[in-house]
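A structural walkthrough
Residue strings, one per chain:
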Amino acid sequence: MTTTPDPQDIPSRFDFETAQDKIYDAWQSGGWFHAEPDSKKKPYTIVIPPPNVTGALHLGHALNNTLQDVVIRMKRMQGFNALWMPGTDHAGIATQARVEKRIKDLEGKSRHDLGRAELVNRIWQWKEQYEERILGQLKKMGCSCDWERTRFTLDDTCARAVRKTFFDLFQKSLIYRGKRLVNWDTHLGTTVSDDEVENKSINGHFWHFMYPVIDPKPGEPHHVTVATTRPETMLGDTAVAVHPDPAAALSKVESELKAKLKKAADSEHAAINDQIEALANRRKEMLSDLELLRDMANDGRMLKLPLADREIPLVTDVWAKPELGSGCVKITPAHDPNDYEVGKRAGLPMINIMNADGTLNAETGSYVGLYMKQARTKVVDDLEALGLLKEVEDRAIEMPMSDRSGTPIEPYLTDQWFVKMDQLAQSAMDVVESGEVKITPERYIKGYLSWLGEKRDWPISRQLWWGHQIPVWSKACPAQADADKLIADIKALKSFDENLASIQTEASSETDSEKRAQLGLPDFTLHVCVEDASEALEKELESLGLVREEDVLDTWFSSALWPFSTLGWPEKTKELDYFYPTSALITSRDIITLWVARMVIMGLNNLGQVPFNSVFIHPKILDGNGETMSKSKGNGIDPLDVIDKFGADALRFGMASLTTETQDVRMPVQFECPVESCQAAIPQTVKNRVLPVVECPKCKNKFRTQWAESEDDLKLPRGPVISERFEVARNFMNKLWNASRFAMLNLEGYEAAPIKEPDLTVEDRWILSRLYTVSQNVTEALEGYRYAEATRTLYNFAWDNFCSFFVEILKDRLADPDRRAHAQRILVFALDQLLRMLHPVTPFVTEAIWEQLNRFAAERGLEKVSTASECLIGASWAELDSKWANTEIETQFARFQSVLGSLREIRSRQNLPPKKAIKFLIRCDEDYAASIEPMGGYFNSMAAAELVSMGANVEAPEINALIAQDGIEIFVDLEGLIDVDAEVKRLEKEKKKLEGNITGKEKKLSNEKFVGSAPAEIVQRERDSLEQLKEQLVKVNAALEKFAKA
RNA sequence: GGGCGAUUAGCUCAGUUGGCUAGAGCAUCUCGUUUACACCGAGAGGGUCGGGGGUUCGAGCCCCUCAUCGCCCA
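Residues numbered from 1 in each chain as written. Chains lettered and ligands numbered in written order. Predicted model: local features only at pLDDT ≥ 70, side-chain atom pairs only at ≥ 80, totals over all residues. Heavy atoms only, no water.

Comments concerning the overall build of chain A
Helix and strand counts for chain A stand at 33 helices and 37 strands. On the principal axes, the C-alpha backbone points of chain A span a range of 120 × 75 × 65 Å. For chain A, the proportion of its 1046 residues judged to be buried stands at 52%. Pairs at least 24 residues apart make up 76% of the contacts formed inside chain A by residues separated by at least 6 positions. (Helix = DSSP H or I, 4+ residues; strand = E, 2+ residues; numbered from the N terminus. Buried < 20%, exposed > 50% of the residue type's maximum accessible area, 1.4 Å probe, protein only. Contact = heavy atoms within 4.5 Å.)

Right, here's the structure in full:
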């Protein structure tokens, strides 16, 4: 049964709550998101930056995904075979830490209580739940991802890619195991990467200790003084260092200070001079002592390490700074990154004093079992008791903290797996330098290149259970012969295949064979990497006593493969062949190095082709105080709250319009009072954003925030966190909806027919010309990722051109039976084009209007009529023939707009009621009159003003209001209406302004230098403009004189 | 310490290769319920373009410098 559609049924507001889900389902069931390789079409591919499965999406994700969807939708409409590949990231450490904490909180169990298999099982459950929530959020936002292809970085397809890549790099010896000082999170019991460490400044102390010198010679000191912020690490000291040439070092510092002084501002001089003076004193007082210590070091003097009761050498190294402290520094190679370097240079032993859980190990004697912090107190006490504590200073110290657990990081010497970066990094630098991979905005190239340029090896092992387990089986070999035998045994295994297993021999890092023997260290460790899940071989290796590596890979290892692992690599799938390399990557700046660079590396290594040709880095969203948004601060906005209040289109439009090339966008945040009748927006402050309950200052009712915990608080309604910055976009959606509604209400009797060019009026040609220009601008802007420009162009066109002028003018024509049919056709066509252009940014409302338009005018077109596509998502992109571009018409129309503006201004300043009909005349030349003539009637409908006459010789009415502009005069007949005071006031103001401008221009033009050097065109422009201003002034003066006489 | 960026109306932001009187939205004020829209319409007021110096006929834009803020790296 079909009912006749009645446009009166269309509500005056877009009911986005119900429409969004319906429309989204229709897109999905229509298969519009799915892309299959098709040689007849060009591919356009984007892979989503996979959100972590740790929690819910925030506004940053909303921004990121909006930008991707806008591009994907435009490309789809442009006829590309557009694929947006979705998925999520297992986010190893973040997720495991989160689930572990939850289990600890709820069940009081640690991961060790559960065991590896059970913990991993629990995390999978968590993942299922959160992944669904995240994908649900993306769908609510309207993201047109190909959900049939959804991947997860830990699924079988990705696992296969990881294994293949690992094997390949292992075989090329680009993966190796080695002892390294890593950032150890004692709470989580794992390494964290540098990027997961945040340095925090805290108040600490600087302890000065004295270490006794063994057998000092006459004249030599009996103690050396060292200072440290970490006293407990002294148990692992293996040397004390002094600078090899303290005099030269001091001189160098001094000359640097002097250079700084020259450049510095006056206000800094005093401070720098103080430093120079202090340095000179130091030279006087300490240099000879330091040189003596240096000589002692060179002479091989040993020190007694207190408490540990070991002998350690005094050595020379440039790390010791003669300008600081005592000039001597204790060296703890296994627990400090700088000392580690010294240790390597000086060939010092490296003594690890810590267990993985952050307690001290057996190396520390009586301190064993104490946590670092406990040991600190005890070490200080014990040294004091021995009389070796010289001094304690208060001092701000930099403390490395783990992002993941929030606990202090311990530098820790362990066996870790690394990717050798030199060649790989270079390849990734080359493709950006050559422009094969284009980064927008360009300023981010610098950071990318300098980070890769360091070519630091990438530590890829993590002591976690949630992740890709490293596919290496290892066994220690006490001596060379054992290793040789083991290799022979492995090669003789039934399942052994050189293509599937690769063997590496790791020589012990302890190069002294005697020491190795002493410590019971093996000469070699044999590592076998097994390519695919060849269980038979794995079993056989294990039967030979090889044990699989427990560690898993850094999350970024699997993320780095994302652009091709999602397409099925290493299988040679038709998807990989067709969609790779992808077209664009849209992401935020904090992961340029962690992710973007590594994808380029892996793409080049695995496929010999870059993973994408274009990278767009978008801004970050900050709150009104310029702080990053986060749930932990309470200033985070849930995209779903914005969608609930303003609609998904408003969220998207708002996001896109914020995307300029600057780094950050500020978004003031408000609580919204949940009381239906109130809905007050309460600005968020640093104070109220952490309260569990907030009282609405307007209606005095209370509501709860994300912090509410008590039972009473939880009973209150929730006050969502939103931002009024989406209001503009919401209002725009409403405007668009209602303009379209107006069109539907006026389509009765519509009959499709081609539009004949001679029938086109000035405003028709104008809107076509505007449509052409706007579609060009929008296309160019979006292709260059200039989202804010695109949305601004669309907003201005839709509101100011289409609604305020075109539709307004059409009202007149639609009411005239003779002109109605043509007006309907051109209105339908213009709306059709506008919807196409807006669809990528605001897909829901445009799709809803499209559906309506199809009910009333399915057949439409400009010169050729055809049936519109059923869904806007599948319609073609708006591209008018360039023949419609018409600057003359645009100028002509601008004149009309300008006259209309003047009439409205006079109305307003004369306080004339809008309905009060007025008459006006234009004094102008014939040309001007001819160009205004076709639109003369519209002044009636748009300003209730009748154009009485036009031309060079029109007589000004006896009593009038005047506006002189563009070389013409507009006189409004005000017989019996005029407010003389208002008119005089306004004319005088005008006069003053004109005089000011004229003086300025005359001055400029009398400047010979200007006339002589500026381009002739500019000078002429100034002359013309001066001429016109003078003419206007004459007219204004005449009008004033007339009022003076009257 | 090094790098990147920002500073334009009360607020949030535009401003192209240097060139007419520096724009928009919100907020404010005045007027208006006109048959699509009050999430609306018409109009108005509001700016030493962070400070200082320089280049230029001409600087919001280019150069130097200072200040404040943000981010990244050490």
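Moving on from the coordinates now.
Re the sheet that holds strand β10 (residues 302–305)
Read across the sheet, four strands follow the order β10-β11-β9-β12 without closing on themselves; strand pairing throughout is mixed. Each having just a single partner strand, β10 and β12 (328–331) make up the two edges of the open sheet. For this sheet, the mean inter-axis angle between neighbouring strands, taken without regard to orientation, is 30°. Here β10 pairs with strand β11 (residues 310–316) via four bridges, running antiparallel. The partner of Leu305 across the bridge, within β11, is Arg310. (Pairing = 2+ DSSP bridges. Axes fitted to C-alpha atoms, helices over the stretch in contact; angles between N-to-C directions.)

Some details on the protein's contact with RNA strand B
Near RNA strand B lie 45 residues; those nearest to it are Gln663, Arg666, Arg725, Asn734 and Trp799. Of all RNA strand B atoms lying within 4 Å of any protein atom, the proportion belonging to sugar or phosphate reaches 66%. Arg730 is positioned such that a nitrogen or oxygen atom in its side chain is 3.1 Å from a base oxygen of RNA strand B. Between a base nitrogen of RNA strand B and a side-chain N or O atom of Lys811, the distance comes to 3.3 Å. Taken together, the residues that form the surface near RNA strand B break down as 14 nonpolar, 10 polar and 21 charged. (Near = heavy atom within 4 Å. Polar contact = N/O pair within 3.5 Å; in protein donor to acceptor, adjacent residues only side chain to side chain. Nonpolar A, V, L, I, M, F, W, Y, C, P; charged D, E, K, R; others polar.)

Points about the pattern of salt bridges
For the structure shown, the criterion picks out 58 salt bridges. In this structure, the salt-bridge partner of Glu128 is Lys127, at a minimum N-O distance of 3.6 Å. The exposure class of Glu128 is partly exposed, given its relative accessible area of 42%. Looking at Lys127, the relative accessible area reads 5%, which means it is buried. Residue Lys811 pairs with Glu808 through a salt bridge whose shortest N-O separation is 3.1 Å. (Salt bridge = Lys/Arg side-chain N within 4 Å of Asp/Glu carboxyl O.)

A short note on the sheet that holds strand β21 (residues 547–548)
Spatial strand order, β19-β20-β18-β21: four strands in an open sheet with antiparallel pairing. The open sheet has two edge strands, β19 (501–507) and β21, and neither has a second partner. Relative to β21, strand β18 (residues 472–477) is paired through two bridges, and the arrangement is antiparallel. Within β21, the residue paired with Trp473 across the bridge is Arg548. Here helix α15 (residues 535–543) sits on the sheet and contacts β18, β19 and β20 (524–530); the angle it forms with β20, its principal contact strand, is near 165°.

Thoughts on the confidence of the model for chain A
Residues with a pLDDT of 70 or more make up 97% of chain A, whose mean pLDDT is 86. Our summary of model confidence lists the complex with pTM equal to 0.86 and ipTM equal to 0.93. (pLDDT = per-residue confidence, 0-100.)

Things to note about helix α26 (residues 817–838)
The periodicity of an α-helix, 3.6 residues per turn, causes residues three or four places apart in sequence to face the same way. Helix length check: α26 (22 residues) gives 32 Å between terminal C-alpha atoms against 32 Å at 1.5 Å per residue, within 8%. Counting buried residues along α26, 17 of its 22 residues qualify, which places the element largely inside the surrounding structure. Two or three places before Asp818, at the opening of α26, Asp816 has a side-chain oxygen 3.0 Å from that residue's backbone nitrogen. (Expected span 1.5 Å × (residues − 1).)

Focus: the environment of Asn65
Mapped onto the secondary structure, Asn65 falls in helix α2 (residues 59–77). In this structure Asn65 comes out as buried when scored by relative accessible area, which is 1%. For Asn65 and Gly626, which are 561 residues apart along the polypeptide, the C-alpha to C-alpha distance reads 22 Å. Those residues in contact with Asn65 that lie beyond four places of it in its chain are Ile48, Trp84, Leu138, Met141 and Cys143.

Some remarks on unusual backbone geometry
Here the amide bond leading from Thr440 into Pro441 is cis, since omega sits at -10°, within 30 degrees of zero. Among the secondary structure elements, Pro441 is positioned in the loop between β15 (438–440) and α12 (444–453). Cis geometry marks the peptide bond from Tyr580 to Pro581, where omega comes out at -5°. Looking at the secondary structure, you find Pro581 in the loop between α18 (574–579) and β23 (582–588). Residue Lys700 is not a glycine yet carries a positive backbone phi of 65°. Here Lys700 shows up in the loop between β29 (693–695) and β30 (702–704). Take Lys700: its relative accessible area is 54%, and that puts it in the exposed class. Although it is not a glycine, Tyr785 adopts a positive phi angle of roughly 60°.

Describing the pairing of strand β36 (residues 960–965)
Burial of β36 is extensive: six of the six residues sit out of reach of the surface. Counted between consecutive antiparallel strands, the loop separating β36 from strand β37 (residues 968–973) contains two residues, among which Asp966 sits at a positive phi close to 45°.

Thoughts on a positive patch on the surface
The grouping of Arg98, Arg102, Arg133 and Lys631 at the surface amounts to a positive patch. Counting through the fold element by element, Arg98 comes out in helix α3 (residues 92–107). (Patch = residues over 30% accessible without salt bridge, like charges linked within 9 Å, V, L, I, M, F, W, Y side chains within 5 Å. Areas by Shrake-Rupley, 256 points an atom, 1.4 Å probe, with all protein chains shown as cover. Lys, Arg positive; Asp, Glu negative; His and termini not counted. Charge placed at Lys NZ, Arg CZ, Asp CG, Glu CD.)

Digging into the packing of helix α24 (residues 762–783) against helix α25 (residues 787–814)
Their axes nearest at 10 Å, the elements α24 and α25 cross at an angle of 165°. Our classification of the angle between α24 and α25 gives roughly antiparallel. The chirality of how α24 crosses α25 is left-handed. Contacts between α24 and α25 pair Glu763, Asp764, Trp766, Ile767, Arg770, Leu771, Val774, Asn777, Val778, Ala781 and Leu782 from the former with Tyr787, Glu789, Ala790, Thr793, Leu794, Phe797, Asn801, Phe802, Phe805, Phe806, Ile809 and Arg813 from the latter. Of the residues belonging to the contact of α24 with α25, the class tally is 15 nonpolar, three polar and five charged. (Parallel < 35°, antiparallel > 145°, perpendicular 65-115°, else oblique. Left-handed = near helix turned anticlockwise from the far one by under 90°.)

Things to note about the packing of helix α21 (residues 648–658) against helix α27 (residues 843–857)
To characterise two packed helices, one gives the angle between the axes of the helices and the distance between these axes. In contact at an axis separation of 7 Å, α21 and α27 are set at 130° when each is read in the N-to-C sense. Accordingly, the angle class assigned to the pair α21 and α27 is oblique. On the side of α21, the interface is formed by Ala648, Asp649 and Arg652, while α27 contributes Pro843, Phe844 and Val845. Along the lines of polarity and charge, the residues of the contact of α21 with α27 split into four nonpolar, no polar and two charged.

So, the environment of Met837
Inspection of the secondary structure assignment puts Met837 in helix α26. As for Met837 and Glu789, which are separated by 48 residues in sequence, their C-alpha atoms are 13 Å apart. If we ignore the near neighbours within four places in the chain, the residues touching Met837 are Leu771, Val774, Ser775, Leu794, Phe797, Trp877 and Ala878.

Regarding the environment of Phe671
Among the structural elements, Phe671 can be located in strand β27 (residues 670–672). Overall, the relative accessible area of 1% leaves Phe671 in the buried class. Along the primary structure Phe671 and Ala1039 are separated by 368 residues, whereas in three dimensions their C-alpha atoms are 55 Å apart. Excluding its chain neighbours within four sequence positions, the residues that come into contact with Phe671 are Ala680, Ala681, Ile682, Gln684, Asn688, Arg689, Val694, Phe703, Thr705, Gly719, Pro720 and Val721.

Regarding the packing of aromatic side chains
The way to describe two aromatic rings as a pair is by their centre distance and the angle between their planes. Scanning all chains against the criterion turns up 37 aromatic pairs. A centroid spacing of 5.0 Å and a plane angle of 50° characterise the contact between Phe653 and Phe732, whose relative ring orientation is tilted. Highlighted residues: Phe653 in helix α21 and Phe732 in helix α23 (residues 727–745), separated in sequence by 79 residues. Here Phe653 matches Phe732 in class, with each residue buried. Of note, Arg73 hangs over the ring of Trp27, and the distance from its end group to the ring centre comes to 4.2 Å. Sitting over the ring of Tyr367, Lys378 keeps its end group 5.0 Å from the ring centre. (Phe/Tyr/Trp six-rings, centres within 6.5 Å; stacked < 30°, edge-to-face > 60°. Lys NZ or Arg CZ within 6 Å of the ring centre and 35° of its normal.)

What to know about the side chain of Arg825
In this fold, Arg825 is placed in helix α26. The side chain of Arg825 sits in the buried core without any salt bridge; Glu751 is the nearest counter-charge, 5.2 Å away. Setting aside residues no more than four positions away along its own chain, Arg825 makes contact with Tyr750, Glu751, Ala752, Ala753 and Ile755.

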